[in-house]
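A structural walkthrough
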Amino acid sequence: MPSSPCGSGCIEPIDEVGTATMFARLAGIAGLVLSFPVVTVATPKSRREQVQRRYARAALRCLGMRLRIIDNRSPEQVSAEGFADTGTPVMIVAGHIGWADVVALAAVQPVSFVARADMVEWPLLGKLAQLTRVIPIERARLRELPGVVGQVADRLASGNRIVVFPEGTTWCGRAYGSMRPAMFQAAIDTVTPVQPVRLRYLDSDGMPCTVPGFVGEDTFADSAKRVLRSRGMIAEIVLEPLEHPGLDRRDLARRCATAVRGTDRSRHGVADTQWIEAGNTRVQDPSMGEQEPVRRPAGAAVR
């Protein structure tokens with residue numbers, strides 16, 4: 001399973017709001033979650049996407065964040081609706097920082113996600129995950145991965161917009177991992193264009209912010225409290241030019257990684273790691289080459 005070296009040491013504090021404001025934000029989120037199903041059912045299907053986008057943007061404001069969208073696509077690729085016109089399939093790929101990514105991307109345009117299976121059990125956000133038809137993935141059961149890829153392909157073939165996080169785990173926002181190629185097979189099988197997205201969080205001074213990172217020993221409650229207390233954050237989403245799927249998922253993964261990362265360097269210096277950690281076993285990522293598994297003694301440190 002992909003692992004991240006990010007932890008509590010990566011989280012750098014920023015300006016905070018008072019306790020009263022934090023609880024007001026939490027109440028706002030709760031109100032949105034409770035009213036969302038009712039409003040959705042009462043809204044004609046032709047207008048539901050607009051309502052869902054407004055809800056996502058309201059949720060982002062309740063988290064104390066402003067949304068900034070930068071579109072670097074060519075004129076013929078631009079959609080007035082966001083990622084793609086309604087009924088036009090697209091696979092959206094981005095680096096994964098934390099659960100706030102889901103809200104930020106949905107604020108651009110309503111989308112479905114491939115997300116960790118236990119997300120549906122989280123307070124508040126779990127209900128939203130169910131309503132947005134999240135495709136769950138069990139990171140501890142990677143034998144189920146082909147089935148998840150098949151579900152993504154089915155959704156794309158039906159004209160849906162699907163967000164995947166190919167790194168397979170969360171990073172702090174100043175460091176990142178390699179994009180695993182498996183999920184890209186769904187785009188190749190359905191000949192669906194891929195939308196690389198550069199997602200990052202900034203503080204009030206425009207500097208990269210790690211507060212939304214869901215890393216290390218974080219629980220959802222720990223992370224949510226940190227985000228709700230923050231002041232002046234910006235969720236910046238940069239839409240890079242679409243990538244044609246081609247025929248090679250490893251090549252597609254590399255192209256998308258280049259588009260998403262640009263000239264940025266991972267702070268931990270492990271963006272091109274070839275290793276996947278799983279318990280006491282350290283194996284080379286099959287997409288990067290082939291090598292026999294290397295056994296470490298029980299209790300050996302992971303570096």
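Conventions used here
- Throughout this document, residue positions are counted from 1 along each chain, in the order its sequence is written.
- For this predicted model, a pLDDT threshold of at least 70 governs which residues receive local features, and a threshold of 80 or more governs which side-chain atom pairs are given and counted, while totals over whole chains, interfaces and linings are taken from all residues.
- The basis for every side-chain value is the complete set of non-hydrogen atoms in the structure, without hydrogens or water.
- Just to be clear on terms, a salt bridge is a Lys or Arg side-chain nitrogen sitting within 4 Å of an Asp or Glu carboxyl oxygen.
- Only runs of H or I of at least four residues qualify as helices and only runs of E of at least two qualify as strands under DSSP, and these elements are numbered from the N terminus.
- Here a Phe, Tyr or Trp ring, Trp counted by its six-membered ring, pairs with any other such ring whose centre lies within 6.5 Å, and the pair is stacked when the planes are under 30 degrees apart, edge-to-face when over 60, and tilted otherwise.
- Each residue is assigned to one of three classes by its accessible area relative to the maximum for its type, calculated with a 1.4 Å probe on protein chains only: buried under 20%, partly exposed between the two thresholds, exposed over 50%.
- For the purposes of this analysis, a disulfide is any pair of cysteine sulfur atoms at a distance within 2.5 Å.
- Any two strands with at least two DSSP-identified bridges between them are counted as paired.
- Each axis is a line fitted through C-alpha atoms, and for a helix only the stretch in contact is used; angles between axes span 0 to 180 degrees, taken between their N-to-C directions.
- Note on definitions: a residue-residue contact is assigned when non-hydrogen atoms from the two residues lie within 4.5 Å.
- What pLDDT reports is the predictor's confidence in each residue, on a scale of 0 through 100.

Turning our eyes to something else, we now look at the pattern of salt bridges. Counted according to the given criterion, the structure contains 10 salt bridges. The residue Arg68 makes a salt bridge to Glu236 at a minimum N-O spacing of 3.0 Å. Of this pair, Arg68 sits in strand 1 (residues 65-71) while Glu236 sits in strand 7 (residues 233-239); the two residues are 168 residues apart in sequence, bridging distant segments of the chain. One salt bridge in this structure joins Asp218 and Arg226, with 2.8 Å as the shortest N-O distance.

Under the criterion given, the structure shown has three aromatic pairs. When the centroid spacing of 5.2 Å and the interplanar angle of 70° are considered together, the rings of Phe36 and Tyr55 count as edge-to-face. Residue Phe36 is found in helix 1 (residues 19-42), and its partner Tyr55 is found in helix 2 (residues 45-62); the two are separated by 19 residues along the sequence. Across the pair, exposure class does not vary: Phe36 and Tyr55 are buried alike.

As a further point, take the state of the cysteines. By the definition in use, this model includes zero disulfides. Between Cys6, a cysteine without a disulfide, and Cys172, which holds the nearest cysteine sulfur, the sulfur-to-sulfur distance is 3.7 Å.

The strand order across the open sheet formed by seven strands is 1-7-6-2-5-3-4, and the pairing between neighbours is mixed. Pairing within the sheet leaves two strands with one partner each, and these edge strands are strand 1 and strand 4 (135-137). The mean angle between the axes of side-by-side strands here comes to 25°, regardless of whether they run parallel or antiparallel. Pairing analysis gives seven bridges linking strand 1 to strand 7, with the strands arranged parallel. Residue pairing in the sheet places Leu67 in a bridge with Ala235 of strand 7. Seen against the sheet, helix 2 touches strand 1, strand 5 (161-164) and strand 7 and runs at an angle of roughly 125° to strand 1.

Summary statistics for the chain give a mean pLDDT of 83 and a share of 81% for residues scoring 70 or more. Counting interchain partners and residues more than four positions distant, the pLDDT-below-50 stretch residues 272-303 has 51 contacts.

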